Amino acid sequence: MEASVTEEWRKAGERVRNWGRWGDDDQLGTLNLLTPERIAYAATRAVRGRAIQLGIPFDAYGPQSAGGMRRNPVHLMAIDGGDAELAAQLAGWGGPQEAQVAGMYARGPMRFNDDYVMMPLQAATQWDALSHVYYDGLLYNGYPAASVTSLGATRLGIEQVAERGGVVGRGVLLDVARHHGVDRLAAGTVVGPHDLDAVIAAQGVELRPGDILVIRTGWWTRFLETRRQSEWFSGSPGLSWRCAEWLHEHEIAAVALDNPAVEVMRPEDGVMLPLHMLTLRDMGLPLGEIWDLEALGRDCAEDRVYDFLLCAPALRIPGAVGTPISPVAIK
Ligand code: UVW
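What counts as what
Residues numbered from 1 in each chain as written. Predicted model: local features only at pLDDT ≥ 70, side-chain atom pairs only at ≥ 80, totals over all residues. Pairing = 2+ DSSP bridges. Helix = DSSP H or I, 4+ residues; strand = E, 2+ residues; numbered from the N terminus. Axes fitted to C-alpha atoms, helices over the stretch in contact; angles between N-to-C directions. Contact = placed C-beta atoms within 7 Å. Core = buried A, V, L, I, M, F, W, Y, C linked by C-beta atoms within 7 Å. Buried ≥ 20, exposed ≤ 12 C-beta atoms within 10 Å, placed from the backbone. Domains from an automatic or database assignment. Arc of directions from axis to C-beta.

The name given to the protein chain in an unreviewed UniProt entry is Cyclase family protein, with Nocardia yunnanensis as the source organism.

Enquirer: Help me get a handle on the sheet that holds strand β12 (residues 287–289), residues and values and all.
Expert: Read from one edge of the open sheet, nine strands run β1-β15-β13-β7-β9-β11-β12-β4-β14, paired in mixed fashion. Two strands bound the open sheet, and with one partner strand each, they are β1 (51–53) and β14 (322–324). Each neighbouring strand pair of the sheet contributes to a mean axis angle of 25 degrees, computed without reference to strand direction. Contacts from helix α2 (residues 36–43) reach β7 (168–175) and β13 (307–311) within the one sheet, and its direction differs from that of β7 by about 60 degrees.

Enquirer: Can you explain the nonpolar core? Please cite residues and give values.
Expert: By size, the foremost hydrophobic cluster in this structure holds 81 residues, and its most contacted members are Ala129, Val167, Val214 and Val255. Examining the composition of this core, we find that five residues originate from one element, helix α11 (residues 274–283), more than from any other. Setting aside residues up to four positions removed in sequence, Val167 forms contacts with Leu31, Trp127, Val161, Ile212, Ala254, Pro286, Ala312, Pro313 and Ala314.

Enquirer: Help me get a handle on the domain arrangement of the protein chain, residues and values and all.
Expert: What the domain assignment reports for the protein chain is domain 1 (3–68 + 121–330) and domain 2 (74–118). For domain 1 and domain 2, the distance between their C-alpha centres works out to 41 Å.

Enquirer: Kindly report on helix α12 (residues 294–303), identifying the contributing residues and their values.
Expert: Along α12, the residues that are buried comprise Leu296, Gly297 and Cys300. For α12, the arc enclosing every buried residue in end-on projection is 100 degrees, short of the 170-degree limit, so these residues lie on one face. Turned more than 90 degrees off the buried face of α12, the exposed positions are Arg298, Glu302 and Asp303. In the core, the buried residues of α12 are packed alongside β1, β7, α6 (176–179), β9 (212–216) and β15 (328–330).

Below, the structure written as structure tokens:
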């Protein structure tokens, strides 16, 4: 990043910084914009009763590369019908768990199956918590970077979001790919504030303070087509860091995309993830990554209604710096 660009980026950081805006002890950031009145209004946008899934499957075939810093989810069965029948046949076989299961089975015909999932909380469809990214030793609202330890986030953990029932509000889809008449944006395409304005004008949708923006690039379909994980990550189109002020001015509560990192993956102006730093750390604005916006895009193109009730609650995991989610748009 050239010195002048760094300076410009730092100045943008000062302009969008929400520290202290909702109190010195605030841990919710722009989710404070999801007021009861706005959530109640969002519920009125569920008109047709059509629920659309916006999450990708939590399975072993997702976009995380096997050798990378994150893995795809691993799903394991803990108890299943086959084991249960065997345990019943071999009385006294196995350890305490089998004995417990056999004891339950001895009391009637009820049988059951149990399972586990193991996964990085930053794999598949997710929200980044405000504790996910920091710079210059500080997190959102000036909390020290050291408030996230090996035990988890003592400040800005995802449970802060979950405990207030978030994230729920009025979702607005900006279908950038469809606006350009393509299935998906080309690799490396940078989406700037003017592009967002153009899509809003073309769609005829109005933004309201507290909206949750859902921006479709179509890039998820690239992964489904090729299954080439590293190409999918490194080539991702996405938002420019110059969108931070636009998001700030429009009082956006959260933003989610169908790409790996919301912003364009190629280091913009030579710096890695500059929008992450401005949004998560300066604004306190959560980022949603790896969403599947294909069905929602088709539905909105059909009825020309681009807003909906968005339900994307965080899992209540104390100290976590992100959360897997299965968001749903209800139109
Ligand atoms: C990083 O890779 C640091 O962040 P994210 O997963 O949010 O893109």
